[in-house]
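The residues making up each chain are set out below.
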Number of protein chains: 2
Amino acid sequence: MANTDCVGVRVFSLNCCGVIGSGLAIFSKHRIHDTFLYRYSLNGYPYMAHHGDWFGGKAVGMAILNLAGLTANVYVTHLHAEYSREKDSYLSHRVVQAWELQQFIRHTSTGADVVIVGGDLNMHPQDLGCRLLMSYTGLRDSYVETAKFDGCENGMTLIADNLFISKNELIPFEKGIRIDYILFKGSSKTDIYCDCMSTTKGSIPGHPLPYSDHEALTVELRLESHIPAQTGSDKTQDTPTEKLAELVDTLTEARTEVKVGLHCAERIRYTAARTGVMGLALLFLELAIAAVPCFALGAEQPFPRISFYLLAILCFAILLTTFLLYIFHTMELKSLQGAEDQMRLAAGSLQEKLRGFSVTQPHSVPQRSPDGEQPCALDPEE
Amino acid sequence: MANTDCVGVRVFSLNCCGVIGSGLAIFSKHRIHDTFLYRYSLNGYPYMAHHGDWFGGKAVGMAILNLAGLTANVYVTHLHAEYSREKDSYLSHRVVQAWELQQFIRHTSTGADVVIVGGDLNMHPQDLGCRLLMSYTGLRDSYVETAKFDGCENGMTLIADNLFISKNELIPFEKGIRIDYILFKGSSKTDIYCDCMSTTKGSIPGHPLPYSDHEALTVELRLESHIPAQTGSDKTQDTPTEKLAELVDTLTEARTEVKVGLHCAERIRYTAARTGVMGLALLFLELAIAAVPCFALGAEQPFPRISFYLLAILCFAILLTTFLLYIFHTMELKSLQGAEDQMRLAAGSLQEKLRGFSVTQPHSVPQRSPDGEQPCALDPEE
């Protein structure tokens, strides 16, 4: 995971997730001082083997670098793919992944002077997960912020001209979509600017094939460190009311998507349980029929031996499959429920902040959120 | 996940892991401002259903509270049980859990003024995982630090007198063991002291049964906030050389345990693969034997139909089981390898710090670790 090769490049490979590995890595010419890895709780279904995401084991990795005395937290991730824009059966999983990604970045970057996030988010810039991530963390999109851009139209990273892409995958976006990002933010000690951004443009010059099905992104970021205006925690910096309100809306939308996912998971689990019970009933019925000739000696076996064994195999296969499905979807339900619960808590906390704002705004005095020592009678919405 | 009941208690329940839930919760009379949850990458085996740990889905949860202007990060966790002290087949899993726990606490508590960790660590105070956790995070053990103690002998939390405990479980510790902890630390802004600690002592007074198989812990912590001597990052605080050297030793020990685990997982996976190939060979052999009468018309079926079907069922069962085992242990291998890689990186980083010490110590000038810009020729041990 941490190697130094001959030109002094350090590697943090995240290939330790799932069955075949996540395929993620951070290469750095600066020493990697510390690392941490978070596996998303939800990542598709193992029985959707043709999609393969579950076997990849999606995660977010963090490497902590020291850039001339500044602490830089560099993150890399890959979220679940979207196989159909119209009927996206993985939307709730991707929303939960975006939620966990923002939690991971927020909670682990408190001490960082610079935060850089790179990854294939498999979301369009205005998609729910992207909004959730950007508004919660305050990360800025290098494509939007860059002073100079050289690359595909609209910063697209999945383009129709790429030989590895089937045109059908992109419908209804004929030309392509932007789903890979480099995001960044500074801190009270550091300002960060994107001077230049570029993407590859399909095939390698002089070769018929491109490097990958996605276009590669490159950015040049410029850091300016300064003495913070006020020392102390960054946590007290107040977000404007509109931003808070927008965040509450995004969160409500995310909770709705997760609830839809919960409903789907519950339905599949119910179907699995019902099919399992039917398989069990069939097995008992078969055993009962088979038992008749044993008790009534001399009676003929009512149906051919071969169908008897085939039916038994079928029953066992049904029982095993439905048992595994039931276990898997119970775990999915638990994870979705957990994410929804955390979102509910976060929404409550934001609404409390908003209430604080609406009280203090007339006097234009920014105020920290109340300490929460009041009894629940004063706390109606929780 | 966040509820306020009538006496103003907030709950952060972590029951969203695994199949039956982790059974963890944080109850707080202070408002819970934020939460985060980390599921351990390794947690036993689903086919060890009688142990049940895998189904519980072990995790560590964090709740962020605001205590009179101070940020308190409260963690709760439960690590994999130790079913045999002599032949502990889960040791590598528990060591990886302890490793992930210290990573989670370290990376998420940078901005905290107070850190409190409570949990059933399933490790004795001098066990490898405990040493790894305590030395890496700088957490202090409330049983060791408390000014006043009222509870079971030696702070034991799993005692022989508890009716839910079978005496055999405790061998060779007849009286009991201490495996539940409340750990804490302050920050540059806060000092924290443990004034008083107590444990329950078996059965509820006046009742024959105890509340649980473990004794409950209670501590009274006192916080003293002060103006930090030097503002700026806490990360530069230098650890004494002996502590660093001890940490490197602990890390080496942990890597050894993880490597033992890797070896075991590889062996099981190899056995699964070999058995699977044998099952496949048996199936082909059977099909070949069955095909003979088809081609040589009129020849007798060489063995009875019933054995034929039973053998086919057996082959399919072997193939399915070994396939699932192979997938599961590949994931286990990946996780163990990932943890070992991260430990190797951390050991390298510590050794570099130590080298920095041995250079600076003669002049008694503390120095930050070198920036790591040198090429690998100057970096022999990586």
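This is a predicted model, so every value here is computed, not measured. (Residues numbered from 1 in each chain as written. Chains lettered and ligands numbered in written order. Predicted model: local features only at pLDDT ≥ 70, side-chain atom pairs only at ≥ 80, totals over all residues. Heavy atoms only, no water.)

Draft legend 1. Spotlight on the overall build of chain A. The number of helices and strands found in chain A is 7 helices and 14 strands. Here chain A, with 382 residues, has 48% of them falling under the buried criterion. Contacts in chain A between residues at least 24 apart in sequence constitute 70% of all its contacts with a sequence separation of at least 6. For chain A, the accessible area works out to roughly 18,500 Å², and carbon and sulfur atoms hold 61% of it. (Helix = DSSP H or I, 4+ residues; strand = E, 2+ residues; numbered from the N terminus. Buried < 20%, exposed > 50% of the residue type's maximum accessible area, 1.4 Å probe, protein only. Contact = heavy atoms within 4.5 Å. Areas by Shrake-Rupley, 256 points an atom, 1.4 Å probe, with all protein chains shown as cover.)

Draft legend 2. Layout of the confidence of the model for chain A. Residues and elements named next belong to chain A. Confidence along chain A averages 84 in pLDDT terms, with 86% of residues attaining 70 or more. By mean pLDDT, the top-scoring element of chain A is strand β12 (residues 180-185) (97), and the lowest-scoring one is strand β1 (residues 3-4) (38). Segment residues 231-237: pLDDT under 50, and 4 contacts once partners within four positions in sequence are set aside and those in other chains are kept. Scored below 50 in pLDDT, residues 363-382 shows 37 contacts in the model against residues more than four places distant or in partner chains. (pLDDT = per-residue confidence, 0-100.)

Draft legend 3. How the structure looks around the sheet that holds strand β7 (residues 114-120) of chain B. Spatial strand order, β4-β5-β6-β7-β12-β8 (chain B): 6 strands in an open sheet with mixed pairing. Here the strands that pair on one side only, and so sit at the sheet edges, are β4 (32-39) and β8 (140-141) of chain B. Sheet analysis places β4(B) next to strand β5 (residues 59-67) of chain B, joined by 7 bridges and oriented antiparallel. Within β5(B), the residue paired with B:Arg39 across the bridge is B:Ala59. In the packing of helix α2 (residues 91-108) of chain A onto the sheet, the strands contacted are β4 and β5 of chain B, and the crossing angle to β4(B) comes to about 110 degrees. Sheet contacts for helix α2 (residues 91-108) of chain B: β4, β5, β6 (70-78) and β7 of chain B; angle to β6(B), the most-contacted strand, approximately 170 degrees. (Pairing = 2+ DSSP bridges. Axes fitted to C-alpha atoms, helices over the stretch in contact; angles between N-to-C directions.)

Draft legend 4. Highlighting the packing of α2(A) against helix α3 (residues 128-137) of chain A. All names here are of chain A. Here α2 crosses α3 at 15 degrees, and the two axes come no closer than 9 Å. What the angle tells us is that α2 and α3 run roughly parallel. When the axes of α2 and α3 are compared, the crossing they make is right-handed. Side by side, α2 and α3 meet where Val95, Ala98, Trp99, Leu101, Gln102, Ile105 and Arg106 of the first sit next to Leu128, Gly129, Leu132, Leu133, Tyr136 and Thr137 of the second. (Parallel < 35°, antiparallel > 145°, perpendicular 65-115°, else oblique. Left-handed = near helix turned anticlockwise from the far one by under 90°.)

Draft legend 5. The arrangement of a nonpolar patch on the surface in detail. On the surface, A:Ile306, A:Leu310, A:Ile313, B:Ile306, B:Leu310 and B:Ile313 cluster together into a nonpolar patch covering about 440 Å² of accessible area. Elements that contribute at least two residues to the nonpolar patch include exactly α7 (305-360) of chain A together with α7 (305-360) of chain B. (Patch = residues over 30% accessible without salt bridge, like charges linked within 9 Å, V, L, I, M, F, W, Y side chains within 5 Å. Salt bridge = Lys/Arg side-chain N within 4 Å of Asp/Glu carboxyl O.)

Draft legend 6. Fine view of the domain arrangement of chain A. Residue and element names in this part refer to chain A. Each assigned domain of chain A is listed here: domain 1 (2-234) and domain 2 (253-360). Buried area between domain 1 and domain 2, both sides added, is near 1,400 Å², and the carbon and sulfur share of it is 71%. At the surface where domain 1 touches domain 2, the tally comes to 1 salt bridge. Applying the counting rule to domain 1 against domain 2 returns 5 residue pairs in polar contact (both at pLDDT 80 or more). Counting only elements with at least two residues in the side of domain 1 that touches domain 2, the list comes to α2 and α3. Counting residues per element, the side of domain 1 that touches domain 2 draws most heavily on α2, which supplies 7 residues. Looking at the side of domain 1 that touches domain 2 residue by residue, the classes come out as 12 nonpolar, 5 polar and 1 charged. (Domains from an automatic or database assignment. Buried area = accessible area lost by both parts, 1.4 Å probe. Polar contact = N/O pair within 3.5 Å; in protein donor to acceptor, adjacent residues only side chain to side chain. Nonpolar A, V, L, I, M, F, W, Y, C, P; charged D, E, K, R; others polar.)

Draft legend 7. Structural detail: the UniProt feature "transmembrane region" (unreviewed entry) in chain A. When the UniProt feature table is mapped onto this chain numbering, "transmembrane region" (unreviewed entry) sits at residues 277-300 and 306-328 of chain A. Spanning residues 306-328 of chain A, this segment combines 100% helix with 0% strand, and its end C-alpha atoms are found 33 Å apart. (UniProt positions renumbered as here; feature names shortened; annotations may be inferred.)

Draft legend 8. Geometry of the environment of A:Val115. Positionally, A:Val115 belongs in strand β7 (residues 114-120). In this structure the C-alpha to C-alpha distance between A:Val115 and A:Ala72, which are 43 residues apart in sequence, comes to 5.8 Å.

Draft legend 9. Layout of the sheet that holds strand β4 (residues 32-39) of chain A. Residues and elements named next belong to chain A. Spatial strand order, β4-β5-β6-β7-β12-β8: 6 strands in an open sheet with mixed pairing. The open sheet has two free edges, formed respectively by β4 and β8 (140-141), since each of these has just one partner strand. The strands touched by α3 are β8 and β12; relative to β12, the strand with the most contacts, the crossing angle is about 10 degrees.

Draft legend 10. Summary view of the pattern of salt bridges. Residues and elements named next belong to chain A. Applying the stated criterion to the full structure yields 34 salt bridges over all chains. The closest approach of N and O atoms between Glu82 and Arg85, which form a salt bridge, is 3.0 Å. For Arg85, a relative accessible area of 30% gives the class partly exposed. Each of Glu82, Arg85 and Asp127 takes part in a single network of salt bridges with overlapping partners.

Draft legend 11. Examining the packing of aromatic side chains more closely. All chains considered together, the criterion is met by 25 aromatic pairs over all chains. Each ring, one from A:Tyr45 and one from A:Phe328, has its centre 6.0 Å from the other, and the planes form 70 degrees; the classification is edge-to-face. Here A:Tyr45, found in the loop between β4 and α1 (53-56), pairs with A:Phe328, found in helix α7; they are 283 residues apart in sequence, far enough to count as distant. Consider the rings of B:Tyr83 and B:Tyr90, whose centres lie 5.9 Å apart with planes at 70 degrees: the pair is edge-to-face. Three or more aromatic residues joined by ring pairs make a cluster, and in this case those are A:Phe36, A:Tyr38, A:Tyr40, A:Tyr75, A:Phe104, B:Phe36, B:Tyr38, B:Tyr40, B:Tyr75 and B:Phe104. (Phe/Tyr/Trp six-rings, centres within 6.5 Å; stacked < 30°, edge-to-face > 60°.)

Draft legend 12. Up close: unusual backbone geometry. Positive phi outside glycine occurs at A:Ala68, with the angle close to 50 degrees. Looking at the secondary structure, you find A:Ala68 in the loop between β5 (59-67) and β6 (70-78).

Draft legend 13. Examining the side chain of A:Ser349 more closely. Positionally, A:Ser349 belongs in helix α7. By relative accessible area, which is 14% here, A:Ser349 ends up buried. Separated by 3.4 Å, the side chain of A:Ser349 and the backbone oxygen of B:His33 make a polar contact.

Draft legend 14. Representation of the side chain of A:Thr322 within the structure. All names here are of chain A. Positionally, Thr322 belongs in helix α7. By relative accessible area, which is 9% here, Thr322 ends up buried. Polar contacts involving the side chain of Thr322 include one to the main-chain carbonyl oxygen of Ile318, which spans 2.7 Å. In this structure, Thr322 is in contact with Ala272, Thr275 and Gly276, ignoring residues within four places of it in sequence.

Draft legend 15. View of the state of the cysteines. Here the structure, examined in full by the defined rule, presents 0 disulfides over all chains. In this model A:Cys130 remains outside any disulfide bridge; the closest cysteine sulfur is found in A:Cys194, 16 Å from its own. For A:Cys130, a relative accessible area of 2% corresponds to the buried category. Looking at the unpaired B:Cys194, the closest cysteine sulfur is the one in B:Cys196, lying at 7.2 Å. (Disulfide = S-S within 2.5 Å.)

Draft legend 16. Looking closely at α2(B). In this model, α2(B) (18 residues) spans 26 Å end to end at C-alpha, consistent with the 26 Å of a helix rising 1.5 Å per residue. Most of α2(B) is tucked away: 16 of the 18 residues are buried. (Expected span 1.5 Å × (residues − 1).)

Draft legend 17. Summary view of α3(A). Residues and elements named next belong to chain A. Of all 10 residues that make up α3, 7 are buried, and the element is covered over most of its length. Along α3, the residues classified as buried are Leu128, Gly129, Cys130, Leu132, Leu133, Tyr136 and Thr137. One or two positions beyond α3, positive phi appears at Gly138, with a value near 75 degrees.

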